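# A look at the structure
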Amino acid sequence: EPFSDTASLPTHLVSQKTKEYVTVALTGDGGDEVFGGYNKYYMGKMNRRYTGIIPRGLHKVIQKSANKFLTTPDDRRGKRFKINKFLNAVDYNGQFYWDIISLANTQEQLEEIILPEYCEQDLFQEYKQLLNINKATSLTDFRLIDKVVSLEGGMLPKVDRTSMMNSLECRAPFLNKKVWNYTNTLPEEYLMKGWNKKYILKEAFRDQFPKDFLDKSKSGFGAPVGDWLKSGLRAELESYI
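No experiment lies behind these values; they were computed from the predicted model shown.

## Some words on the pattern of salt bridges
- All chains considered together, the criterion is met by nine salt bridges.
- For the salt bridge of Asp32 with Lys198, the shortest nitrogen-to-oxygen distance reads 3.1 Å. Here Lys198 lies in the loop between helix H11 (188-191) and helix H12 (199-205) and Asp32 lies in helix H2 (residues 31-35), a separation of 166 residues in the sequence.
- Classification of Asp32 by relative accessible area gives buried; the value is 12%.
- Classification of Lys198 by relative accessible area gives partly exposed; the value is 21%.
- Between Arg171 and Glu169 there is a salt bridge; the shortest N-O distance is 3.3 Å.
- Overall, Arg171 belongs to the partly exposed group, its relative accessible area being 43%.
- Accessibility expressed as a relative area gives 32% for Glu169, which makes it partly exposed.
- Each of the salt bridges in this network shares a partner with another, and the network as a whole consists of Glu203, Arg206 and Asp215.

## Some remarks on the layout of surface pockets
- As a volume, the second largest pocket reaches approximately 570 Å³.
- Lining the second largest pocket are 27 residues, with Asp91, Asp99, Thr106, Gln107 and Glu108 sitting closest to its centre.
- Of all elements in the fold, only helix H4 (56-69), helix H6 (96-101) and helix H7 (107-113) reach the threshold of two or more residues within the lining of the second largest pocket.
- Sorting elements by how many residues they give to the lining of the second largest pocket places H4 first, with six residues.

## With respect to the packing of aromatic side chains
- Under the defined criterion, the tally for this structure stands at nine aromatic pairs.
- Between Tyr41 and Phe142, the aromatic rings sit 6.3 Å apart at their centres with planes inclined by 20°, giving stacked as the arrangement. In this pair, Tyr41 sits in the loop between H2 and helix H3 (42-53) while Phe142 sits in helix H9 (residues 139-164), placing the two residues 101 residues apart along the sequence. Exposure class is identical for Tyr41 and Phe142. Each is buried.
- Taking the centre distance of 4.4 Å and the plane angle of 15° together, the rings of Tyr97 and Phe142 count as stacked. Here Phe142 lies in helix H9 and Tyr97 lies in helix H6, a separation of 45 residues in the sequence. Each member of the pair, Tyr97 as well as Phe142, carries the same accessibility label: buried.
- Site record: aromatic cluster; members linked through ring pairs are Tyr38, Tyr41, Phe96, Tyr97 and Phe142.
- Positioned above the aromatic ring of Trp180 is the side chain of Arg143, whose terminal nitrogen or guanidinium carbon lies 4.8 Å from the ring centre.

How each quantity is defined
Residues numbered from 1 in each chain as written. Predicted model: local features only at pLDDT ≥ 70, side-chain atom pairs only at ≥ 80, totals over all residues. Heavy atoms only, no water. Salt bridge = Lys/Arg side-chain N within 4 Å of Asp/Glu carboxyl O. Helix = DSSP H or I, 4+ residues; strand = E, 2+ residues; numbered from the N terminus. Buried < 20%, exposed > 50% of the residue type's maximum accessible area, 1.4 Å probe, protein only. 1 Å grid on protein atoms, 1.4 Å probe; cavity = no way out; pocket = protein on both sides within 12 Å on 5 of 7 lines; lining within 4 Å. Points joined across faces, edges and corners; volume = space filled by probe spheres on them. Phe/Tyr/Trp six-rings, centres within 6.5 Å; stacked < 30°, edge-to-face > 60°. Lys NZ or Arg CZ within 6 Å of the ring centre and 35° of its normal.

In structure tokens form, the structure reads like this:
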């Protein structure tokens, strides 16, 4: 079936290289969902602070300006991209986290480019009912949504398919049920202390790593598909559309 996560391309290459040395490999899948490691988890705090200070009418003006001046011409996800993504995901009705995981393709943006008869009113309605979470407000809510929508729906299939294409077996030790259940009993500040993500995990193993290693910034694992479609793949893309 179609699978659109661009990280499947580098994951396939890594699996191909790994197979040259081993037949079974351990992955880090689930570490961020279990221990609270994504940068987007900051968004809950930031959304509450922002909406508590900036009136909705003023936000509309800021958002319009941001979409004009902060749009990036390529696939690099620097500060301009992140600020613009945050401003587009800001929500005054408790739906901001659902907007974030839609990659900032918010309902409002979709309605601008899709005819009404084809535009789904709520892309995540099924998940909201399944998880009994309409307004996601806590780190626990964010992690549970990611566990079902992102991890089970995208990341695990990506690793499973690309590794099996190379006859490589992968195991994810972070996804032990006991570990997930345990972290759900902890106060949220054990997982995200201030702006320090995966706090309890990093502190538990800090003495096993070089100094400052665990404080490095997060790095993505995607592919510059947008740039490819504007250059080498442009003619092929235009032939289809």
